[in-house]
Amino acid sequence: MSTSKEDKWSAERYNSNASFVYSSAYTSPTLDLLSARPGERILDLGCGSGELTLSALLPAVQPNGSVVGFDASPDLLAKARTNAASSPLSNEATVPVTWIEGDGHDLEKSGEKEAFDAVFSNAALHWMKRDPAQVVRGVYGLLKPGGRFVGEMGGAMNMIGVRSVLHTVLGEYGVDAAAVDPWFFPTPAQYSAILQAAGFGVESCELIPRPTPLPESGLAGWLDTFAFAFLDALPATVDREQVKAEVCRRLEVDMKHGEQWTTMYVRLRFKARKE
Ligand code: BEZ
């Protein structure tokens, strides 16, 4: 499966500005909830550059299991393949790992049915905004009966402040930010309803506020890495650097303490089972 859209992701920016996304401190609660077991076949939906696929899922399903990393970005997947090539575990070849490029909305078209024991997703589902219910139905179709769907994504109030300032500043340049906003940050009630409508039993679904210190690149680095849909919507005559600086300036009062930028991530963490 391949997407023809231009790839706005940069593995280099993602790895240098946002490696906290796949840090064990932030991901271990969701990995514990998944509780991957030897011999299982697991799909990592929105695997990015594959750090968790390789460091957490692959070891957990050994021996005899397998892992599929799935992502829409060719650049992130290229980095995942490079990471896999230098990972001792994937080279031991007791557990195959494969990488698939695709849009999470197209899982139903993948041709695979009841093929996975679990689908895992970290920090990716909020990008699949066009039709989240379609994504969830696709996951449901891929799972074996009794299979688990376990994930963490941005939930309601995620990036509070940053998102509204992006909307306000873009509005000042005549851009309708709501029309280009790529993020879906549901409440537990909204996401539980989507899971249940697809046929899942919801075992847990909760919001976890998590203030997140940003690396040295600060909010400007975060915007470069993740806010491309907003910045790309600006007219060509507008200086993006100036817009980013203005967004940062307005947010400093809440988000910058000394030299340290901290952003308010609110995670929605869930576990659902195909009944
Ligand atoms: C998140 O992981 O919550 C997130 C990351 C980038 C943009 C928006 C949300």
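This is a predicted model, so every value here is computed, not measured.

Once that is clear, we can look at the environment of serine 23. Relative to the helices and strands, serine 23 is located in the loop between helix 1 (11-17) and helix 2 (24-34). For serine 23, a relative accessible area of 23% gives the class partly exposed.

With 57 residues, the main nonpolar core has Val162, Leu219, Trp222 and Leu223 as its most contacted residues. If sequence neighbours within four positions are ignored, tryptophan 222 has contacts with Phe20, Met159, Val162, Trp183, Leu214, Ala227 and Tyr265. By size, the runner-up hydrophobic cluster in this structure holds 29 residues, among which are Leu107, Leu195, Cys205 and Ala272.

One pass over the full model with this rule turns up 21 salt bridges. When the shortest N-O distance is used, the salt bridge between aspartate 232 and arginine 240 registers 2.6 Å. The exposure class assigned to aspartate 232 is partly exposed, which follows from its relative accessible area of 33%.

Before going further, it helps to examine the pairing of strand 5 (residues 143-154). A large share of strand 5 lies buried, amounting to 9 of its 12 residues. Strand direction decides the pairing type here: strand 4 (residues 116-122) and strand 5, joined by 6 bridges, are parallel. Counted as the bridge partner of serine 121 is glycine 151 from strand 5. Running through helix 6 (residues 132-142), the crossover from strand 4 to the neighbouring parallel element strand 5 is right-handed. Relative to strand 8 (residues 260-274), strand 5 runs antiparallel, the two sharing 7 bridges. Paired with arginine 148 across the two strands is arginine 273, which belongs to strand 8.

Structurally, the position occupied by serine 121 is in strand 4. Serine 121 sits 46 residues away from aspartate 75 along the chain, and the two C-alpha atoms are 19 Å apart. Discounting residues that sit within four places of it in the chain, serine 121 has contacts with Leu45, Val150, Gly151 and Glu152. Separated by 2.8 Å, the side chain of serine 121 and the backbone oxygen of leucine 45 make a polar contact.

What follows concerns the site of the ligand. With respect to spatial proximity, the complete set of residues near the ligand consists of Ala123, His126, Trp127, Gly154, Asn158, Trp183, Phe185, Trp222, Phe226, Tyr265 and Arg267. Asparagine 158 is positioned with one of its side-chain polar atoms (N or O) 2.7 Å from an oxygen atom of the ligand. Here an oxygen atom of the ligand sits 2.7 Å away from a polar atom, N or O, in the side chain of arginine 267. Starting from 260 Å² of accessible surface for the ligand in isolation, the protein chains cover 99%. Classifying every residue of the shell around the ligand gives 7 nonpolar, 3 polar and 1 charged.

A word on the packing of aromatic side chains. Throughout the structure, instances matching the rule amount to 20 aromatic pairs. Look at tryptophan 127 and phenylalanine 226: their rings are 6.4 Å apart centre to centre, the planes differ by 40°, and that puts the pair in the tilted class. Placement of the pair is tryptophan 127 in the loop between strand 4 and helix 6 and phenylalanine 226 in helix 10 (residues 218-226), with a sequence separation of 99 residues. Phenylalanine 226 sits in the buried class, given a relative accessible area of 6%. When the ring of phenylalanine 149 is compared with that of phenylalanine 200, the centres are 5.7 Å apart and the planes differ by 40°; the resulting orientation is tilted. Of the two residues, phenylalanine 149 is situated in strand 5 and phenylalanine 200 in strand 6 (residues 200-213); the sequence distance between them amounts to 51 residues. For phenylalanine 149, a relative accessible area of 0% translates into the label buried. The ring of phenylalanine 116 is capped by arginine 41, whose NZ or CZ atom sits 4.2 Å from the centre of that ring.

Calculation rules
Residues numbered from 1 in each chain as written. Predicted model: local features only at pLDDT ≥ 70, side-chain atom pairs only at ≥ 80, totals over all residues. Heavy atoms only, no water. Helix = DSSP H or I, 4+ residues; strand = E, 2+ residues; numbered from the N terminus. Buried < 20%, exposed > 50% of the residue type's maximum accessible area, 1.4 Å probe, protein only. Core = buried A, V, L, I, M, F, W, Y, C linked by side-chain atoms within 4.5 Å. Contact = heavy atoms within 4.5 Å. Salt bridge = Lys/Arg side-chain N within 4 Å of Asp/Glu carboxyl O. Pairing = 2+ DSSP bridges. Right-handed = clockwise from strand over helix to strand, strands pointing away. Polar contact = N/O pair within 3.5 Å; in protein donor to acceptor, adjacent residues only side chain to side chain. Near = heavy atom within 4 Å. Areas by Shrake-Rupley, 256 points an atom, 1.4 Å probe, with all protein chains shown as cover. Nonpolar A, V, L, I, M, F, W, Y, C, P; charged D, E, K, R; others polar. Phe/Tyr/Trp six-rings, centres within 6.5 Å; stacked < 30°, edge-to-face > 60°. Lys NZ or Arg CZ within 6 Å of the ring centre and 35° of its normal.

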